[in-house]
Amino acid sequence: MARKRKRSRLEKAINSPAEKEHGTSPNLTKYWFQRYDLFSKYDQGIEMDEEGWYSVTPEAIAVKQAERCRGKVVIDCFSGVGGNTIQFAKVCASVIAIDIDPAKVEMAINNAMVYGVGDRVDYVVGDFIHLAPSLKGDVLFLSPPWGGPMYNKVESYTLDMLQPKDGYSLFQIAQSITPNIIMFLPRNVDLAQLEELAWLSSPPLNLEIEENCVGGKIKAITAYFSCSAVYLEKIRTIIA
Ligand code: MGP
Ligand code: SAH
């Protein structure tokens, strides 16, 4: 009698609820296994699409980023399915969430309701680049597309690889609104380019770089640019 073959881990994953649930490519399975790191309330009706799965900011990271913006008016310029927007809505004075994809905005609205903050966000379906001249806020949060999950195939991720425009242009557009800019970027990003962005600004900006880990593994980096008091004090001391 033929013995039953033990199913490999991969086969199990491919035929798992992950595949049925996200209904797309097996490439997304690894993200499905991280679903509670992405949204702790995943089981309460969170909605995702393919780009959402690989782009959403893990909840613990989004909580930390939001804490830095407590009490401020924040513009989430590439809001996706709402990983960051939800956490901003919990602690910020107000949140404007922008995404070019109407389906993402629908999902973000649903997901914010799951977290009980649906009424604390103003949603805009639109292109951040075009909307920029009409935007006003204390802090701009930029988590743009990195070019898909293959971003880590290069040794050093340079700012020209960001979408829908290169990082220099995005930063310049953001600076026309506020010097308080937060960028969520690949863990292999060229850090020297970020320092260049800060120093070449007029006046030069303070820059803090944070490595974002989940479960001991580095997921991404966050760059906080600001016209901070500490930095201004330094300048004042030098001038004096
Ligand atoms: P990853 O490297 O694809 O996943 O993305 P992981 O689990 O670290 O894969 P591994 O095989 O390297 O172990 C890590 C995190 O980066 C994701 O959870 C997202 O928060 C973020 N991220 C990834 N991409 C491709 C994007 C993107 O295009 N835009 C934004 N804003 N965030 C992204
Ligand atoms: N921080 C988000 C993930 C953002 S992924 C989260 O935690 O859920 C990047 C998003 O940028 C995608 O949803 C994509 O639709 C959106 N996007 C791409 N080009 C855009 C543009 N020109 N203006 C606004 N949003 C854009």
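Just so it is clear, the model here is predicted, and its values are computed rather than measured. (Residues numbered from 1 in each chain as written. Chains lettered and ligands numbered in written order. Predicted model: local features only at pLDDT ≥ 70, side-chain atom pairs only at ≥ 80, totals over all residues. Heavy atoms only, no water.)

Caption draft 1: Local environment of the site of ligand 1. The environment of ligand 1 is made up of 20 residues, and the closest members are Lys30, Tyr31, Val56, Tyr151 and Arg187. Within the side chain of Arg187, one N or O atom sits 2.5 Å away from an oxygen atom of ligand 1. Here an oxygen atom of ligand 1 and a side-chain polar atom of Lys219 are 2.8 Å apart. Protein chains bury 90% of the 660 Å² of accessible surface belonging to ligand 1 in isolation. Judged by the fraction of its atoms near the pocket grid, ligand 1 is located in the largest pocket. (Near = heavy atom within 4 Å. Polar contact = N/O pair within 3.5 Å; in protein donor to acceptor, adjacent residues only side chain to side chain. Areas by Shrake-Rupley, 256 points an atom, 1.4 Å probe, with all protein chains shown as cover. 1 Å grid on protein atoms, 1.4 Å probe; cavity = no way out; pocket = protein on both sides within 12 Å on 5 of 7 lines; lining within 4 Å. Sits in = over half its atoms within 2 Å of the grid points.)

Caption draft 2: Up close: the sheet that holds strand β6 (residues 206-214). With respect to topology, seven strands assemble into an open sheet ordered β3-β2-β1-β4-β5-β7-β6, the strand pairing being mixed. Strands with a single pairing partner mark the edges of an open sheet, and in this sheet they are β3 (121-125) and β6. Averaged over all adjacent pairs, the angle separating strand axes in this sheet is 20°, with direction ignored. Pairing of strand β1 (residues 73-76) with strand β2 (residues 94-99), which is carried by four bridges, proceeds in the parallel orientation. Its bridge partner being in β2, Asp76 is matched across the sheet by Ala97. Where helix α6 (residues 59-67) meets the sheet, its contacts fall on β4 (139-142), β5 (181-185), β6 and β7 (217-226), and the angle it forms with β7 comes to roughly 15°. Strands in contact with helix α10 (residues 167-175) are β4, β5 and β7; relative to β5, the strand with the most contacts, it is inclined by about 155°. (Pairing = 2+ DSSP bridges. Helix = DSSP H or I, 4+ residues; strand = E, 2+ residues; numbered from the N terminus. Axes fitted to C-alpha atoms, helices over the stretch in contact; angles between N-to-C directions. Contact = heavy atoms within 4.5 Å.)

Don't take any of this as a statement about function, it's just geometry.
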